[in-house]
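# Analysis of the macromolecular model
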Amino acid sequence: MRYFFSLIVFLLCSVTMQAQGVVRGRVLDKQSDEPLQFVNVRVNDDSGKLVKGGMTDAGGHFNFSGLPLGSYTLQVSFVGYKSLTRSFLLTQQKPHHHYNALYLAEDTHTLKEVKVTGQRSQMKLEVDRKTFTVDEVLAAAGGSVSDLLENIPSVEVTTDGEISLRGNSSVEVWINGKASGLTSDNRAEILQQIPAESIERIEVIDNPSAKFSPEGSAGIINVIMKRDRRAGYYGSMRAGADNQGGWNTGANVNYASKWMDAYANMGYRRRRGNGGNTSDQRYRDNETSPFSSYQLSEGENNNRGGNLFARAGLTLHLTADDDLSLSGMMTSGNRSNDNKTTYEYGTFDDAGNSVADRILRRMTWGDGDNRMYNAELDYTHLFDKDGKHKLEASLSFSKWKSDGSNEYLNDTSYVSGSSILASAYSYQYRPMDINSRNWEAKVDYENKVSDNLKIEAGYNGRFSHENTPQTSYEYNAVGTAQRLQTDDSRLREDPYYYNRFIYDSDVHALYATVNMKMRRFSVMTGLRGEYWKVNTHSSDYYQQETPFSKDYFQLFPSLFLNYELTKSSQLQLNYTRRLKRPRGGVLNPFKNTRDASVIEFGNPELTPEYTNAFSLNYLKTWDEHTLSLSSYYKPTTDVIERIRYQGTEPTTGEDVMYMTSLNVAKSQSAGAEVILKDKLWRILELTTTLNAYYYKLDGFSTMVEGQTVTGDADENFAWDARVQASVILPYSITVQATGNYRSRSLVSQGYRKGNGALNLGLRKTFFNKALALAVNWRDVFNTRQTETYTEGPTFWRYQKNRRDPRINVQLTWNFGNMMGKKKKNDDGGGDDDDGQGFGGYDD
């Protein structure tokens, strides 16, 4: 009986086991063959009812057991990819079904955006913005964010670090969707300190809607820092060096789980760079008389610096609908430079020959410390599971402190022919400190009421304070020139070059936008109101204050009209109103003489310039090609321009050039941009950008310190082009070449000569991409030089600046779970759901 009972139990168990089925498999990216994590997998029965469901693990695997025998449908879906459906049958003869590999292809016809993929990087071309992921920008490996921006289409970076977009320097640069304390005064220094490897992508928003700040008539460049989210821990370490003696090292580590996400990055960069400058200035009594005197200069400079960069962040998933994030970023470093410039002063004889009467040899030493801190607290609440109805709030604080000084040793020889008649020298010591702090508060509400209606509203407050004390000490003597100690008792304070500048600005903004869709047509209209107040105080050596205060209220409307011609082509017409607020150094009246040929100072009474921006855009995508066409027209009033005029130096009585900023006139700009992305023969990816623009500046005549300063009306047609070619070779090697050229362009009272450059890069990966070696050569032919010609009624000036080419080698080691698919997260980038004015396509 016992054996009989055992046999019955065994048979029942066998029948039960055979009545249960299993389906398992693995999901991979079709292009990269990498496993996809967090992919949604559903098992439905014949009636469509869900039987089992879940997500893939870090290796892309899924496994569902306990399925009754029968027929089923397997559905695999993931954001940004085409969904996949497979049918399978479980029988007693075959109760297990195994999919060795299920490949998901990226959806290149996603209605909300057009995505172009290649070589592990992406370029999203949307009608209102362009997003560039930057893992494959080999020319910036081991470099900074400034080096990275040089390789972004339509973005230009000068040798001084000044940034412009489509030839317009009135552009905002953000970090993770916020200003983060960056201003036109400090952003060149800060962006030089942030390593390129910490950047995930860069968004170029050339005509932002009312949801965004109207600051920057050219638009916004939004730098998005890396913030991956994969299960478990992972990270990388890197080290590199260049041919000029610079080096860098850094590491990052990340961790993600169901309850929290955390990341930390740290790096150190030691910078060295060499360059030079040349200038030629000529003076005359009036515009009809010949030139009577001149000044020539030739200089070499060496720049050095080192800085520590660190980031850390923690996101707590308090509930399924609530996230709380705390993040911080800091840079701390030092800089130093030395410059040796020879100036020749003289007159022209009756035959027009130059006759030197004085030689000035100037040695300049500069050094300083700078620190930047940024902290941010973010909260997100979802009113639904899809994130279509949500509230976001953030509070951020940033501080920038730069303690620096310059020393000038001027060794002057008075000459007649080859004879030295007399010699004298002067030593100047000028501490120049900058202290600024900024608070920013944001609240954004979003509700996608239906597939055809979405509303957004919010508040943005920005509060800035800057205190900039600057003094000057001088000693004059005859004999052999010598450098003094900065605390030498012989130094006397120079009242003319003393200044303390205090700047306060408060901005309050409210906005609302409505996005509606009607089959193929969609419209988004918005209105932003901003009230702001500016207070400046400038104190001279005798404590005489020059206050300036003014408040403003302006409305900034926006309108986006979008029509989807087909599933792969779109047409958009939009309008926004924008402005450029004067800030920082352009307002500070301190007399800066870092260049002995020019005295430069700011104007605290500058007012904003306003721009009405119109654009017409077309976007078309094919399987291996994407075309973006854009045209724009931007009339501007109260244009802020840097103007130059001839004057005398008050302490010496010598002729010198003065330079300041004024609201001078009106301008008009118009242009067209073409971006073409091509993938050829599976191994070559080409990105071609052509931007042509027309600029017209009205003439002006104004009084500055008792002098009449004029500028003739001028117009200019200019263009720039950039071609980037990436080639995938065998043995995991990628080669990249980037060439760019910018034609002659108009500046106030003159023009800037055209120039171009070629950058080369190579990357080789080892051990299944765990180790990567990158080599790049920036400005191969040493042609990246800036040459400017300016002219007024009593002067003519030529200026040339250059910097030497750089070769960099970078080695990166990746560790941990580097194969997992990133989860989407809110990192201050664009709206991945709807974009601006986008609508779905309905037949």
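Notes on the structure in this doc start here. Keep in mind that what you see is a predicted model, and the values were worked out from it rather than measured. (Residues numbered from 1 in each chain as written. Predicted model: local features only at pLDDT ≥ 70, side-chain atom pairs only at ≥ 80, totals over all residues. Heavy atoms only, no water.)

Let's shift gears to the pattern of salt bridges. In this structure the tally under the stated criterion is 23 salt bridges. Taking the shortest distance from any N to any O, the salt bridge between R583 and E172 comes out at 3.0 Å. Taken together, the positions of R583 in the loop between β30 (569–580) and β31 (598–600) and E172 in strand β13 (residues 171–175) put the pair 411 residues apart, joining distant regions of the chain. A salt bridge links E530 to R581; its shortest N-O distance comes to 2.4 Å. You can see E530 sitting in strand β28 (residues 521–539) and its partner R581 sitting in the loop between β30 and β31, a full 51 residues away along the chain. Beyond isolated ion pairs, a larger network of salt bridges with shared partners links E215, R462, R528, E530 and R581. (Salt bridge = Lys/Arg side-chain N within 4 Å of Asp/Glu carboxyl O. Helix = DSSP H or I, 4+ residues; strand = E, 2+ residues; numbered from the N terminus.)

A few words now on the environment of F132. Tracing the backbone shows F132 in strand β10 (residues 130–133). A sequence separation of 20 residues divides F132 from I152, and the C-alpha atoms of the two residues are 7.6 Å apart.

Attention now goes to the nonpolar core. Counting 30 residues, the largest nonpolar core has L149, I152, V155, I163, I194, I199 and I202 as the members making the most contacts within it. Sorting the residues of this core by element identifies α2 (145–149), β11 (155–157), β12 (163–165), β13, α3 (187–193), β14 (199–205) and β15 (219–225) as the ones contributing at least two each. Not counting chain neighbours up to four residues away, the residues in contact with I202 comprise K130, T131, F132, V134, L148, L149, I152, I221 and N222. Judged by nonpolar contacts, the second largest core, of 20 residues, contains V23, V39, V41 and Y99. (Core = buried A, V, L, I, M, F, W, Y, C linked by side-chain atoms within 4.5 Å. Buried < 20%, exposed > 50% of the residue type's maximum accessible area, 1.4 Å probe, protein only. Contact = heavy atoms within 4.5 Å.)

Moving on, we come to the sheet that holds strand β7 (residues 96–104). Read from one edge to the other, the open sheet built from three strands follows the order β4-β1-β7, with strand pairing classed as mixed. At either end of the open sheet lies a strand with only one pairing partner, and these are β4 (61–68) and β7. With direction set aside, neighbouring strand axes in the sheet form an average angle of 20 degrees. In this sheet, β4 lies alongside strand β1 (residues 20–29) in antiparallel orientation, the contact comprising six bridges. Bridge assignment links G25 to a residue of β4, and that residue is F62. (Pairing = 2+ DSSP bridges. Axes fitted to C-alpha atoms, helices over the stretch in contact; angles between N-to-C directions.)

What follows covers the sheet that holds strand β2 (residues 40–44). Spatial strand order, β3-β2-β5-β6: four strands in an open sheet with antiparallel pairing. The two strands at the open ends of the sheet, each matched to only one other strand, are β3 (50–55) and β6 (84–90). Strand-to-strand, the axes of this sheet are offset by a mean angle of 20 degrees, without reference to chain direction. In terms of strand pairing, strand β5 (residues 70–77) meets β6 through seven bridges, oriented antiparallel. Each residue of the ladder has a partner; that of G70, found in β6, is L90.

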